[in-house]
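What follows is each chain in one-letter form.
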Amino acid sequence: MFVAKRIFDFFALMVACGLIGWWIRQAMRGANIRIRPIAGFDAIDEAIGRATEMGKPLHFTPGFGGLVAATFAGLEALSYIARKAAEYDARLIVTVSQPETYAVTEQVERQAYLEAGKADSFRPEDCRFISPDQWAYASGVVGVLMREKVASNIMIGQFAAESLILAEAGNTVGAIQIAGTTNAYQIPFFVAACDYVILGDEMFAAGAHFADNKAHLGSLRGEDFIKAICIGLIIVGAVLTTFGSNFLTNLLAK
Amino acid sequence: MGILEKLQNLDKRVFYLLMALAIAIPTIWPLGLEVSITPPVRKTYEFVESLPAGSVVLIGFDYEPGDEIELSPQAKALFRQFAAKRIKVVTVASFPVGPMFADECLRVLKDLGYEYGLDYVNLGYYAGGESTLAAFAKDPSSIFTKDWYGNDVSSLPLMQQIKSMADFSMAMTLNDGPTGGTGTHEWVRQSVMAHGTPFVIGCTGVLAANNMPYLDAGQVRGVLSGLRAAAEYEKLVGIKGDATRGMDAQSMGHVLIVLFVLLGNVGMVFARRRSNGGEKR
Amino acid sequence: MFFKRSVPVTIAFVCGVLQVLDYFFKWGIVNKAAQETRAWVALVAVFALGLGAVNVLRVHLRRVQQNPVKNATSVLLLITFLVTIFIGLTAGQSSKPYKFIFDYIIVPTGSAIFSLLAFYIGTAAYRAFRARTLEAGILLVTGCIVMLGKVPLGEKILPFAPKWTTWIMQVLNVGGQRGVMIAGAIGFIAVSLRIITGLDRHTYGVE
């Protein structure tokens, strides 16, 4: 019945889903779960305020990825940003690389304007599909940043080698820059060129941070428990292997 | 403000000009610097050497034009080693431009006497990323009915012996990261994890850090990262190609960046000393 | 609400669970259904690409209507867009004209934009790599060793650099990378679970 060597993986996934599900249930029942402040998320209000005061546009991009977890985390942030931009009448320009992401992004933005009671303020031409080609996307976004002279540049999602090109363009136009990605090897580029950086899986706290979403808060607590189990397994595994036992290695390979 | 303090805030354009010169000069007049072979590249070479003659390997051309300079030389050097062992090659691509890079690199095999359909096949582009790769891994004919050149895949002798990913002796992605196509993580999940096919990574230099854990964990047989790995591979297969020439320019570029970073720090230290001295007075 | 929320959530749940079951179990009908839905992804992606193309046309046609002289780049974009599509559809992607566009326009421009990184990383590193604290100093020294250890000229300047680079990349870096990968993977599980159970409302664009 089981595919060979995937029995442990299956039970590990079940335990992970069980823990996340249980904590989501607890959160929805009113368990008191809090998250620490994340500077990058806190700075988003400042970025929107700056664009409003200067009368210049605000730019957001969920990056170069398709519909992956990091992109969804970016869209959570976009939902908040678009709602606030609508409330303050700040012009928000969103650039998207992948076609499937574009369809979802436009819907998220439209919904945020609707929630803010400003459905008519939404300009479909400001939600722009650029190109699925990495460098065409990069040059397209740089063009938008330069031409529109944006006051704030927010980049949260999946980014690859184009990250630094976008961040340096934002730096050149003097925009306040907030960036976040789970791609560990792009984080140094953002750290070097941006004002605020949301590090790695901090991004997944977007929903909990902006909307106090109970399901998100619960799943974050569940994730913490899984991380604790992983740390325990790493320590036990290292000790066992050091003393010549392959018990855990063999168990993980089952 | 003294010269040393000025080092802290040099005009960007000065750096741009020097970088352009540092790259252009050795490209025009090569320095001929020798590269040493690093363990990840040697592991890749030795793994390919261990494959039986006539094996079939799958290569994913998962990159776009910007990364061609780093990844195409890797493919071309590898293909020379394949040719020496008559290893057969099937290529796929997760970007629309990928099959064109495959076509260009496969010319190396064609020039060495390989016959299309019998010894190598360019299947072309697939949309849908990892999901489509997973479907391909289970049944290639469910994704490709025609190859890149419009031939019926079922009519190609090489493809008649391929029923799933498990029929490949080695799979490899030449990828530029999670940029919309299928990258290392997706390939590892769908090749070595799902079908046990030995896997090798070819990636851009910036991805080296991200891909090393797979090599250390024994999940992949080798990692080629960036132009440097391509230059090392060219040395191993006994040619001096684009990568070997490119290493001179890369050398100068790296040294210039290190120099500027150090100059910036020297300026900072002197500025700090002067301001501390001023406060004391 | 039924068609905006319940139907998409049901489809997402069935498709998501099918993929999980297919990965772990050998059940003929489940494996076949999962394979079928994966093939649909390619179809959906192609339709989405069409949607993106319509957006590009809409944005740039509007810009051209507003001021064709000021927005000359949009005119150029529309011309190249239509010419490339025309050649791709009529002559095919492996034809000579298409290959010409690829070899002499797409590849050089893509490579040129990528090469900007060489300039930008230099200025960004110059601004950011300052040894203001002990940690920043360690980062600076490590970065310089790795930069030099990766190129032959660096080997000549610091002969120990390649060996140290390999150690830094395979020991220090791997430890950190594994931590980020594990944390990221756990996050992915949580996000996926929320999506297929309909708890991530933004995925479906509804409240």
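Within every chain, residues take consecutive numbers counted from 1 along the sequence as written. Working convention: letters from A go to chains and numbers from 1 go to ligands, in the order in which they are written. The model is predicted, so local features are restricted to residues of pLDDT at least 70 and side-chain atom pairs to those at 80 or more, both for listing and for counting; the totals for chains, interfaces and linings are taken over all residues. Where side-chain values are given, they derive from all heavy atoms of the structure, hydrogens and water being excluded.

Q: Explain the sheet that holds strand 2 (residues 88-93) of chain B here, please?
A: Two pairing modes exist for strands in a sheet, parallel and antiparallel, and in both the strands are linked by backbone hydrogen bonds. All names here are of chain B. Pairing between two strands requires that DSSP report at least two bridges joining them. Only DSSP runs of H or I with at least four residues qualify as helices, and only runs of E with at least two residues qualify as strands; both kinds are numbered from the N terminus onward. In spatial order, the strands read 3-2-1-4-5-6; together these six strands make up an open sheet with parallel pairing. Strands at the two margins of the open sheet, each flanked by one partner only, are strand 3 (120-125) and strand 6 (222-225). Pairwise comparison of adjacent strand axes, ignoring direction, gives a mean angle of 15 degrees for this sheet. As judged from the five bridges shared by strand 2 and strand 3, these two strands associate in the parallel manner. Note on method: axes are straight lines fitted to C-alpha atoms, helices fitted across the in-contact stretch only, with angles between N-to-C directions ranging 0 to 180 degrees.

Q: Looking at this model, I keep getting lost on a nonpolar patch on the surface. Mind explaining?
A: A patch is a set of surface residues, each over 30% in relative accessible area and not in a salt bridge, joined within 9 Å for like charges and within 5 Å for the nonpolar side chains Val, Leu, Ile, Met, Phe, Trp and Tyr. Shrake-Rupley sampling with a 1.4 Å probe provides the accessible areas, and residues are treated as covered by the protein chains on show and by no other component. A side-chain nitrogen of Lys or Arg and a carboxyl oxygen of Asp or Glu constitute a salt bridge if their distance falls within 4 Å. Nonpolar side chains collect at one region of the surface, where V14(B), L17(B), L18(B), L21(B), I25(B), I28(B) and W29(B) lie side by side and expose about 690 Å² of accessible area between them. Along the chain, L17(B) falls in helix 2 (residues 12-28).

Q: Explain empty space enclosed by the protein to me, please; I cannot follow it from the model alone.
A: The gaps of empty space that remain are located by a probe, the size of a water molecule, rolled over the atoms. In this analysis a 1.4 Å probe is tested at points of a 1 Å grid over the protein atoms alone, and where it fits but cannot get out there is a cavity; an open set with protein on both sides within 12 Å along at least five of seven lines is a pocket; lining residues have an atom within 4 Å of a point. Grid points are joined across faces, edges and corners, and a volume is the space filled by probe spheres set on the points. Considering all chains together, one arrives at four cavities of 30 Å³ or more under this definition. Taken as a whole, the largest cavity spans an internal volume of roughly 220 Å³. Forming the boundary of the largest cavity are 17 residues, of which T38(B), P40(B), M212(B), K150(C) and T166(C) lie nearest the centre. The element best represented in the lining of the largest cavity is helix 7 (residues 161-196) of chain C, accounting for five residues. Looking at the lining of the largest cavity, its residues break down into eight nonpolar, six polar and three charged. As a working rule, the residues Ala, Val, Leu, Ile, Met, Phe, Trp, Tyr, Cys and Pro are called nonpolar, Asp, Glu, Lys and Arg charged, and the rest polar, with Gly in that last group.

Q: Help me out: how do you make sense of the packing of aromatic side chains in this one?
A: Aromatic rings in a pair are described by how distant their centres are and how their planes are angled relative to each other. Here a Phe, Tyr or Trp ring, Trp counted by its six-membered ring, pairs with any other such ring whose centre lies within 6.5 Å, and the pair is stacked when the planes are under 30 degrees apart, edge-to-face when over 60, and tilted otherwise. Per the stated rule, a full pass over the model turns up 35 aromatic pairs over all chains. Relative to F188(C), the ring of F204(A) lies with its centre 5.8 Å away and its plane at 85 degrees, an arrangement referred to as edge-to-face. Taken as a pair, F204(A) in the loop between strand 6 (196-199) and helix 8 (206-211) and F188(C) in helix 7 lie in two separate chains rather than in one. We call a residue buried when its accessible area falls under 20% of the maximum for its residue type, exposed when it is over 50%, and partly exposed in between, using a 1.4 Å probe and counting protein chains only. Owing to a relative accessible area of 2%, F204(A) belongs among the buried residues under this scheme. For F188(C), a relative accessible area of 35% puts it in the partly exposed group. Through successive ring pairs, a cluster of aromatic residues spans F2(A), F10(A), F11(A), Y23(C), F24(C), F25(C) and W27(C). Positioned over the ring face of W23(A) is R221(A), at 5.2 Å from the centre of the ring. Placement of a charge over a ring requires the Lys NZ or Arg CZ to be within 6 Å of the ring centre, with the centre-to-atom vector within 35 degrees of the ring normal. For the cation-ring pair, R130(C) lies above Y126(C), with the distance from its terminal atom to the ring centre recorded as 4.9 Å.

Q: Is there a simple way to think about the pairing of strand 2 of chain B in this case?
A: Each regular strand carries side chains that alternate between the two faces of the sheet. All names here are of chain B. Buried residues dominate strand 2, accounting for five of its six residues. Pairing geometry for strand 1 (residues 56-62) and strand 2, over five bridges, is parallel. If you follow V56 over to strand 2, its bridge partner there is K88. Note on handedness: a clockwise path from strand one over the helix to strand two, with the strands aimed away from the viewer, defines a right-handed crossover. What joins strand 1 to strand 2 is helix 4 (residues 68-84), and the crossover it makes is right-handed.

Q: Looking at this structure, I do not really get the domain arrangement of chain C. What am I missing?
A: Split into domains, chain C comes out as domain 1 (1-68) and domain 2 (133-207). Computed from C-alpha atoms alone, the centre-to-centre distance between domain 1 of chain C and domain 2 of chain C is 31 Å. Segmentation of the chain into domains, including their bounds, is taken from an automatic or database domain assignment.

Q: Is there a simple way to explain the sheet that holds strand 2 (residues 92-96) of chain A in this structure?
A: All names here are of chain A. Ordered in space as 3-2-1-4-5-6, the six strands form an open sheet in which the pairing is parallel. Two strands lie at the open edges of the sheet, namely strand 3 (127-129) and strand 6, each paired on one side alone. Averaged over all pairs of adjacent strands, the angle between strand axes in this sheet comes to 15 degrees, irrespective of strand direction. Summarising the sheet, strand 1 (residues 58-63) and strand 2 pair through three bridges and their orientation is parallel. Each residue of the ladder has a partner; that of L58, found in strand 2, is L92. Two residues qualify as a contact provided that any one of their heavy atoms is within 4.5 Å of a heavy atom in the partner residue. Sheet strands touched by helix 3 (residues 69-88): strand 1, strand 2 and strand 4 (152-158). Its angle to strand 1, the strand with the most contacts, is close to 160 degrees.

Q: Any chance you could explain the pairing of strand 6 of chain A here in plain terms?
A: Where strand 5 (residues 176-181) of chain A and strand 6 of chain A come together, four bridges link them in parallel fashion. Within the sheet, the bridge partner assigned to T181(A) lies in strand 6 of chain A and is L199(A).

Q: For this particular structure, what's the right way to read the confidence of the model for chain C?
A: In regions of low pLDDT, the predicted coordinates are not meant to be interpreted in detail. Per-residue pLDDT for chain C averages 85, and the proportion of residues at 70 or more is 96%. Both scores are available for the predicted complex, with the pTM at 0.77 and the ipTM at 0.81. As a per-residue measure, pLDDT reflects the predictor's confidence and takes values from 0 up to 100.

Q: Please explain the interface of chain A and chain B as it appears in this structure.
A: You'll often see interface size given as the accessible area lost when the parts meet. Contacts between chain A and chain B engage 16 residues on the former and 17 residues on the latter. At the boundary of chain A with chain B, total buried surface from both sides reaches about 1200 Å², with 50% on carbon and sulfur atoms. Looking at the side of chain A facing chain B, the largest losses of area belong to R6(A), W135(A) and Y185(A), adding up to 41% of the total buried there. Our count for the contact surface shared by chain A and chain B stands at one salt bridge. A quick way to say it: buried area is the sum, across both parts, of accessible area lost when two parts are put together, with a 1.4 Å probe.

Q: What should I look at first to understand helix 3 of chain A in this one?
A: Since the α-helix packs 3.6 residues into each turn, any two residues three or four apart lie on the same face. Expected helix span is computed as 1.5 Å times (number of residues minus one). For helix 3 of chain A, with 20 residues, the first-to-last C-alpha span of 29 Å sits near the 28 Å given by 1.5 Å per residue. After helix 3 of chain A finishes, the residue D89(A) shows a positive phi value of roughly 60 degrees.

Q: So what exactly am I meant to see when it comes to the packing of helix 1 (residues 7-28) of chain A against helix 7 of chain C here?
A: Two packed helices can be described by the angle between their axes and the distance between those axes. It is at 10 Å that the axes of helix 1 of chain A and helix 7 of chain C come closest, and there the two elements cross at 65 degrees. The crossing of helix 1 of chain A and helix 7 of chain C is right-handed. Taken together, the residues of helix 7 of chain C that come into contact with helix 1 of chain A (itself represented by L13(A), A16(A), C17(A), I20(A), G21(A) and I24(A)) are I189(C), A190(C), L193(C) and R194(C). Here the residues of the contact of helix 1 of chain A with helix 7 of chain C sort into eight nonpolar, one polar and one charged. In a left-handed crossing the near helix is turned counterclockwise from the far helix by less than a right angle, and in a right-handed crossing that turn is clockwise.

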